[in-house]
Amino acid sequence: MDLAYTEEEEAFRAGLREWLSVALPKLPPKPSPGDWPARRAYDTGWQRALHDAGYGDVHWGASPTRRLIFLEETEKAGAPYVGANFVGLLHAGPTIAAEGTPAQRERWLPPVLRGDEVWCQGFSEPGAGSDLAALRTRAVKDGDCYVVTGAKIWTSHAEVADWCELLVRTDPEAPKHRGISWLAMPMDAPGITVRPLRTLAGSTEFAEVFLDDVRVPVANRIGEENDGWRVTMVTLSFERGTAFVGEVVACRRTLGELARTARENGRWDDPVLRRRLGRLAAEFAALWRLIQWNVSEAERGGGVPGPGGSVFKLHYSHARQELYDAAAEVLGPDALDASREWTLDRLSSLSYTIAAGTSQIQRNIVAERILGLPKGA
């Protein structure tokens, strides 16, 4: 395990910092949280700026260590995150880069890197719960197309997406993990209905998506037919690998802000609270080291994160929830003010033990793929 940076990597960091110092002051004001077309334009505009500066492909064209440096420095500088196109940049793009044909990579990767096209994720289903392999959305081959029928839920940014990374069942007779295929579905295809879902925090970044005889070209399949579960594991390894790096940096910054607020409002006099914040600081420092370890492993594994991402995801989800519980303790009655960013962050933190794979699923992955324990019945 090597957690040190080379001279070349530090030079990359220095150049990025210099570029951010010039580019960030030129950004337009952030749009209203509920104005998704404007948010898409803002997020993809930032992606275009990154692309033009030579940083557009960092999520899959750079080494894992450079990706880590990029995410760390952009978060520290307060730069926009990937926003509405996080699926394209962090999930679909890296998967196509790793598993797609040359023609598929040429078709889909450049538009994502330029900020021209946005992706959403069509994995979860209303009746499948956390058991992703229990999906029922059917895809029946008809000539050079699949005819897709079914429903998806928690489809992030479906209302502004151009493409969807879609899991479908192409062989209903096969064992559930072996009859799945991974498709790139155009969101303007006939037969698609999108219905936004309002979250506890009042946002609408998720949606239900209903598919009624939607025709998707066979050429849009990533990987072989019925090999979609393996391809999906590649997608999820990226989702649980470095996708949360910026959020860990943000959480460490939030801890510092909590300590300052506690000193200002008198809560710092409580020794129990001080111990709690100190322990959280240690936990997030350990999570940062775990990220570095996972990145080192990915460097040796061809750039694809391994099962260590599940260790990180499991611990980070619970640490984030405790962080914002501590924020509520610092704020007192002000924690009920929905206009405060920390209040909204606390509400969103409740989803982290479910999103990107439930904590129960992560424990199974750790038990089976890291500890070598037998699978449950």
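Residues numbered from 1 in each chain as written. Predicted model: local features only at pLDDT ≥ 70, side-chain atom pairs only at ≥ 80, totals over all residues. Heavy atoms only, no water.

1. Some points on the side chain of T155
Next, step 1: Along the polypeptide, T155 turns up in the loop between β3 (145–152) and β4 (163–169).
Next, step 2: Beyond its immediate chain neighbours, meaning those up to four positions away, T155 contacts C120, Q121, G122, E205, F206, A207 and V209. (Helix = DSSP H or I, 4+ residues; strand = E, 2+ residues; numbered from the N terminus. Contact = heavy atoms within 4.5 Å.)

2. Remarks on helix α5 (residues 102–114)
Next, step 1: In a regular helix each residue adds 1.5 Å, so 13 residues correspond to 18 Å; α5 covers 18 Å between its end C-alpha atoms and thus fits that length.
Next, step 2: Within α5, the axis deviates most sharply at W108, by approximately 25 degrees, and proline P110 lies no more than four positions further along.
Next, step 3: Those residues of α5 that fall on the buried side of the exposure criterion are Q104, W108, L109, P111, V112 and L113.
Next, step 4: Packed against the buried residues of α5 are α2 (36–52), α4 (86–99), β1 (119–122), β4, β5 (180–186) and β8 (221–222).
Next, step 5: Two residues or fewer after α5 comes G115, characterised by a positive phi angle close to 80 degrees. (Expected span 1.5 Å × (residues − 1). Bend = angle between axes of the 7 residues up to and from the residue. Buried < 20%, exposed > 50% of the residue type's maximum accessible area, 1.4 Å probe, protein only.)

3. Describing the pairing of strand β7 (residues 206–217)
Note on strand geometry: in a regular strand, side chains alternate between the two faces of the sheet.
Next, step 1: Direction of pairing for β3 relative to β7: antiparallel, over a ladder of seven bridges. Counterpart to G150 in the pairing with β7 is L211. (Pairing = 2+ DSSP bridges.)

4. Some points on the packing of helix α1 (residues 7–23) against helix α3 (residues 64–76)
Next, step 1: At a minimum axis separation of 10 Å, α1 and α3 run at an interaxial angle of 30 degrees. As judged from the angle between their axes, α1 and α3 are roughly parallel. Relative to α3, α1 is oriented so that their crossing is right-handed. Residues E8, E9, F12, R13, L16, R17 and L20 of α1 pack against T65, R66, I69, F70, E72, E73 and T74 of α3.
Next, step 2: Of the residues in the contact of α1 with α3, the class split is five nonpolar, two polar and seven charged. (Axes fitted to C-alpha atoms, helices over the stretch in contact; angles between N-to-C directions. Parallel < 35°, antiparallel > 145°, perpendicular 65-115°, else oblique. Left-handed = near helix turned anticlockwise from the far one by under 90°. Nonpolar A, V, L, I, M, F, W, Y, C, P; charged D, E, K, R; others polar.)

5. Brief notes about the packing of α3 against helix α7 (residues 245–265)
Next, step 1: Following both chains from N to C, one finds α3 and α7 inclined at 40 degrees, their axes separated by 8 Å at the closest point. In terms of axis orientation, α3 runs oblique to α7. Like other packed secondary-structure pairs, α3 and α7 cross with a definite hand, here right-handed. On α7, the residues touching L68, L71, E72, E75 and K76 of α3 are V245, G246, V249, A250 and R253.
Next, step 2: Of the residues assigned to the contact of α3 with α7, the class counts are five nonpolar, one polar and four charged.

6. Observations regarding the environment of D43
Next, step 1: With respect to the helices and strands, D43 occurs in helix α2.
Next, step 2: Using a relative accessible area of 11% as the deciding quantity, one classes D43 as buried.
Next, step 3: Along the backbone, D43 and A84 are 41 residues apart, and their C-alpha atoms lie at a distance of 6.4 Å.
Next, step 4: For D43, the contacting residues outside a window of four places in its chain are Y81, V82, G83 and A84.

7. What about the confidence of the model for the protein chain?
Next, step 1: When pLDDT is averaged along the protein chain, the result is 85, and 87% of the positions lie at 70 or above.
Next, step 2: When pLDDT is averaged over each element of the protein chain, β8 comes out on top at 98 and helix α10 (residues 341–349) at the bottom at 68. (pLDDT = per-residue confidence, 0-100.)

8. Observations regarding the nonpolar core
Next, step 1: With 38 residues, the main nonpolar core has F70, F284, I291 and L323 as its most contacted residues.
Next, step 2: Mapped by element, the contributors of at least two residues to this core are α1, α2, α3, α7, α8 (271–300) and α9 (308–331).
Next, step 3: Not counting residues within four places of it along the chain, the set of residues in contact with F284 comprises V248, C251, R252, L255, Y316, A319, R320 and L323.
Next, step 4: Counting residues in each nonpolar core, the second largest holds 26 residues, with I96, W119, I222 and M233 among its members. (Core = buried A, V, L, I, M, F, W, Y, C linked by side-chain atoms within 4.5 Å.)

9. Points about the environment of E159
Next, step 1: In this fold, E159 is placed in the loop between β3 and β4.
Next, step 2: Not counting residues up to four positions away in its chain, the partners in contact with E159 are W36, V194, T204 and E205.

10. So, the packing of aromatic side chains
Next, step 1: Under the counting rule described, the total for this entry stands at nine aromatic pairs.
Next, step 2: Summarising the aromatic geometry, the rings of W108 and W119 are spaced 6.2 Å apart at their centres and angled 80 degrees between planes, so their arrangement reads as edge-to-face. Here the residue W108 occupies a position in helix α5, and W119 occupies one in strand β1, the gap between them amounting to 11 residues.
Next, step 3: The interplanar angle of 25 degrees and the centroid separation of 6.0 Å between the aromatic rings of W119 and W163 together place this pair among those described as stacked. Residue W119 is found in strand β1, and its partner W163 is found in strand β4; the two are separated by 44 residues along the sequence. The pair formed by W119 and W163 is uniform in burial state, with each residue classed as buried.
Next, step 4: Against the face of Y5 rests R13, its NZ or CZ located 4.9 Å from the ring centre. (Phe/Tyr/Trp six-rings, centres within 6.5 Å; stacked < 30°, edge-to-face > 60°. Lys NZ or Arg CZ within 6 Å of the ring centre and 35° of its normal.)

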